[in-house]
Amino acid sequence: MSQSSFLEIDGSILEGGGQILRNSMSFSAVLGIPIRITEIRKGRSKPGLAAQHLKGIQLVAKMCQGQLEGDFVGSTEIKFTPKQLTGGHFEVDIQTAGAISLNLQVALPCALMADKTVTLDLRGGTNADMAPPIDYMKHVMRPILKKFKVDYSLEILKRGYFPRGGGHVRVMIMPVRQLHGIEMTEPGSVLQVQGYSFVTGTMPMRLAYEMAEGAKEYLKQLPNVNINCCKEQTSSRDNCSGIILTAETSSGCVMGTDALGGRGTTAYTVGEMVAKGLEDFIRVGACVDLHAQDQMIIYMALAKGKSSVKCGYITTHTRTAIYIATLLTKVEFTIREEGEHLNIIECTGLGLVNTNLCSE
């Protein structure tokens, strides 16, 4: 295929990270557009593809029987020519603690446009820095994506942490004929807050309780705050601690925040910080949190009809997602300010029809 046949994408633009790679690959696979991405993660301390990026794009290539060039660790340029998306069983082993959730992000839109059910066996890190924990994909993104008429099951078979990973997650995704536009502009009132505070390895159980206590004290004005504490048993014996919170509202909104424990910060303070992040979204009247804000863009662009989502401040990740969505779909997004701290993101989606599914 000639060089001019590829849509050129600058991997260093705006956020300049792995999100450009993931969203571009997903759009390419579902729309059948060959792409060439250059300057991949140019501004990062280690530019180019890391193991988790590499495994994610190789997964997409397998799902659509596509041709992928430049797929090696450290590569700063890839070419991808997609073919027909197919369902079935796919396995990925990052072989590091790289985030399983990010591999799910890149594969999920593709699975929705396959010809039959997709089962993903994903191995790597379930809880990692700079990425949503796998719990977020289960307890926050899944309810949100149901509004687009999307559903999947997600089973956490084994936890995996830095540095060795070893986590195992199984996801089953039913393809859809078409995504439906959504309206999420009414935040509603908080019905309940669910939480999960954990330690693993040689870390003492008291740290899980202290994180939970810090969060509960900060959120004491909210109803039905329930945080489970546990010591995870994993085969890797890596040390890790963290806390995840999700809030559900009367209008059907779901928001989440999370953090891993770290040196120099007490467990109680980690719990407080995560609770403050959640309370900030609730207080300003947002309908989604910052993690969901950018992840929703690809689904809004592909869906049939108008989508409107009320957010807090617009992150660089979200502006990057909008840029890539517009580049590949030509869908126009608007961002409308709603007072000092709120914005509404809107678009009329492409209305993509899954012809793979329809041809059965």
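Model, not experiment: these values are computed from the prediction. As a convention, each chain's residues are numbered from 1 in the sequence order in which they are written. A pLDDT threshold of at least 70 governs which residues receive local features in this predicted model, and a stricter bar of 80 or more applies before side-chain atom pairs are shown or counted, although totals over entire chains, interfaces and linings include all residues. The side-chain figures draw on all heavy atoms in the structure; neither hydrogens nor water molecules are used.

K.L.:
I tried to follow the overall build of the chain on my own but got confused; where do I start?
P.N.:
Along the chain, the regular secondary structure elements total 10 helices and 16 strands. This radius of gyration counts C-alpha atoms alone. The globule rule is 2.2 Å times how many residues there are, raised to the power 0.38. Expected size for 360 residues packed as a compact globule is a radius of gyration near 21 Å; at 20 Å, the chain falls within 12% of this value. Along the first, second and third principal axes, the C-alpha atoms of the chain reach 60 × 45 × 40 Å. The buried share of the chain, taken over its 360 residues, is 55%. Contacts in the chain between residues at least 24 apart in sequence constitute 75% of all its contacts with a sequence separation of at least 6. When the accessible surface of the chain is split by element, carbon and sulfur atoms take 48% of a total near 15200 Å². Counted as positive: Lys and Arg. Counted as negative: Asp and Glu. His and the chain ends are not counted at all. By convention, charge coordinates are those of NZ in Lys, CZ in Arg, CG in Asp, or CD in Glu. Put simply, the chain has 36 plus and 35 minus side-chain charges, and the middle of one group is 4 Å from the middle of the other. Only runs of H or I of at least four residues qualify as helices and only runs of E of at least two qualify as strands under DSSP, and these elements are numbered from the N terminus. Note on classification: 1.4 Å probe, protein chains only; a residue is buried when its accessible area is under 20% of the maximum for its type, exposed when over 50%, partly exposed between these limits. In what follows, residue pairs with any heavy atoms lying within 4.5 Å of each other are defined as contacts. The accessible surface values rely on the Shrake-Rupley method and a 1.4 Å probe; as for residues, cover is taken only from the protein chains in view.

K.L.:
Just checking my understanding: could you explain the pairing of strand S1 (residues 7-10) for this structure?
P.N.:
Regular strands place their side chains on alternate faces of the sheet. Here, strands pair whenever DSSP counts at least two bridges between them. Relative to strand S2 (residues 35-38), S1 runs parallel, the two being bridged by 4 bridges. Paired with Leu7 across the bridge in S2 is Ile35. By convention a crossover is right-handed if, when the strands point away from the viewer, the path from the first strand over the helix to the second runs clockwise. At this point the chain moves from S1, through helix H1 (residues 18-31), to the parallel S2, and the crossover so formed is right-handed.

K.L.:
Help me understand the pattern of salt bridges in this model?
P.N.:
Pairs can form between side chains of opposite charge whenever their charged atoms are close. Salt bridge, as applied in this entry: a Lys or Arg side-chain nitrogen positioned within 4 Å of an Asp or Glu carboxyl oxygen. Summed over all chains, the structure comprises 17 salt bridges. Arg44 is paired through a salt bridge with Glu15; the nearest N and O atoms lie 2.4 Å apart. Within this pair, whereas Arg44 is found in the loop between S2 and helix H2 (51-63), its partner Glu15 is found in the loop between S1 and H1, the two being separated by 29 residues in sequence. Looking at Arg44, the relative accessible area reads 29%, which means it is partly exposed. For Glu15, a relative accessible area of 13% corresponds to the buried category. The salt bridge involving Glu338 is made with Arg336; its shortest N-O contact spans 3.5 Å.

K.L.:
Explain the sheet that holds strand S15 (residues 333-338) here, please?
P.N.:
Each strand in a sheet pairs with its neighbour through backbone hydrogen bonds, running either in the same direction (parallel) or in the opposite one (antiparallel). Taken together, the 4 strands give an open sheet; going across it, the order is S9-S14-S16-S15, and neighbouring strands pair in mixed fashion. Of all the strands in the sheet, just strand S9 (183-184) and S15 have a single pairing partner and so form its edges. For S9 and strand S14 (residues 306-311), the ladder comprises 2 bridges, and the chain directions are parallel. Residue pairing in the sheet places Glu183 in a bridge with Ser308 of S14. Note on geometry: axes are C-alpha line fits, over the in-contact stretch for helices, and angles between N-to-C directions span 0 to 180 degrees. Lying over the sheet, helix H9 (residues 316-329) contacts S15 and strand S16 (342-348), oriented at roughly 150 degrees with respect to S15.

K.L.:
Honestly, unusual backbone geometry in this entry has me stumped. Any pointers?
P.N.:
Trans peptide bonds make up the majority, and among non-glycine residues the majority have a negative phi. One non-glycine residue, Gln95, lies in the positive phi region at around 65 degrees. Phi angles above zero are rare outside glycine, and Lys330 is one such case at about 70 degrees. Relative to the helices and strands, Lys330 resides in the loop between H9 and S15.

K.L.:
Honestly, the environment of Glu8 in this entry has me stumped. Any pointers?
P.N.:
Structurally, Glu8 can be placed in strand S1. What qualifies as a polar contact is a pair of N or O atoms within 3.5 Å, subject to a donor-acceptor requirement within protein and to the restriction that residues adjacent in sequence count only when both atoms come from side chains. Of note is the side chain of Glu8, whose polar atom sits 2.7 Å from the side chain of Arg36.

K.L.:
Which parts of the structure should I look at to understand helix H3 (residues 100-112)?
P.N.:
Within an α-helix, residues lying three or four positions from one another point in the same direction, as the helix has 3.6 residues per turn. The span one expects for a helix is its residue count, reduced by one, times 1.5 Å. The end-to-end C-alpha distance of H3 is 18 Å, a good match for the 18 Å that 13 residues give at a rise of 1.5 Å each. Bend at a given residue is defined as the angle between two axes, one fitted to the seven residues that end at that position and one fitted to the seven that begin there. Considering bend angle alone, the principal kink of H3 is centred on Val106 and spans about 30 degrees; proline Pro109 follows within four residues of it. In terms of residue burial, H3 counts as a mostly covered element, since 13 of its 13 residues are buried.

K.L.:
Teacher, can you tell me more about the packing of H1 against H3 here?
P.N.:
Their axes nearest at 8 Å, the elements H1 and H3 cross at an angle of 20 degrees. When the axes of H1 and H3 are compared, the pair comes out roughly parallel. Relative to H3, the crossing made by H1 is right-handed. Of the residues in H3, those touching H1 at Arg22, Met25, Ser26, Ala29 and Val30 are Leu102, Gln105, Val106, Pro109 and Cys110. Each residue gets one of three labels, nonpolar for Ala, Val, Leu, Ile, Met, Phe, Trp, Tyr, Cys and Pro, charged for Asp, Glu, Lys and Arg, and polar for the others, Gly among them. A breakdown of the residues in the contact of H1 with H3 according to their chemical character gives 7 nonpolar, 2 polar and 1 charged. Roughly parallel means an angle under 35 degrees; roughly antiparallel, over 145; roughly perpendicular, 65 to 115; everything else is oblique. It is the rotation of the near helix from the far one that decides the hand of a crossing: anticlockwise by less than a right angle makes it left-handed, clockwise makes it right-handed.

K.L.:
Which parts of the structure should I look at to understand helix H5 (residues 206-218)?
P.N.:
Between its first and last C-alpha atoms H5 spans 18 Å; for 13 residues at 1.5 Å apiece the expected length is 18 Å, and the two agree. Where H5 is concerned, the buried positions are Leu207, Ala208, Met211, Ala212, Gly214 and Ala215. Buried residues in H5, looked at end-on, bunch into an arc of 160 degrees, giving them a common side. Along its buried surface, H5 packs onto strand S10 (190-200), strand S11 (225-232), strand S12 (240-249) and helix H6 (267-284). As used here, the arc belongs to the directions running from the helix axis to the C-beta atoms.

K.L.:
Explain the sheet that holds strand S7 (residues 152-158) here, please?
P.N.:
Spatially, the 4 strands line up as an open sheet ordered S5-S6-S8-S7, and their pairing is mixed. Each edge of the open sheet carries a strand with a single partner, namely strand S5 (88-93) and S7. With direction set aside, neighbouring strand axes in the sheet form an average angle of 15 degrees. In this structure, S5 lies alongside strand S6 (residues 118-124), joined through 6 bridges in parallel fashion.

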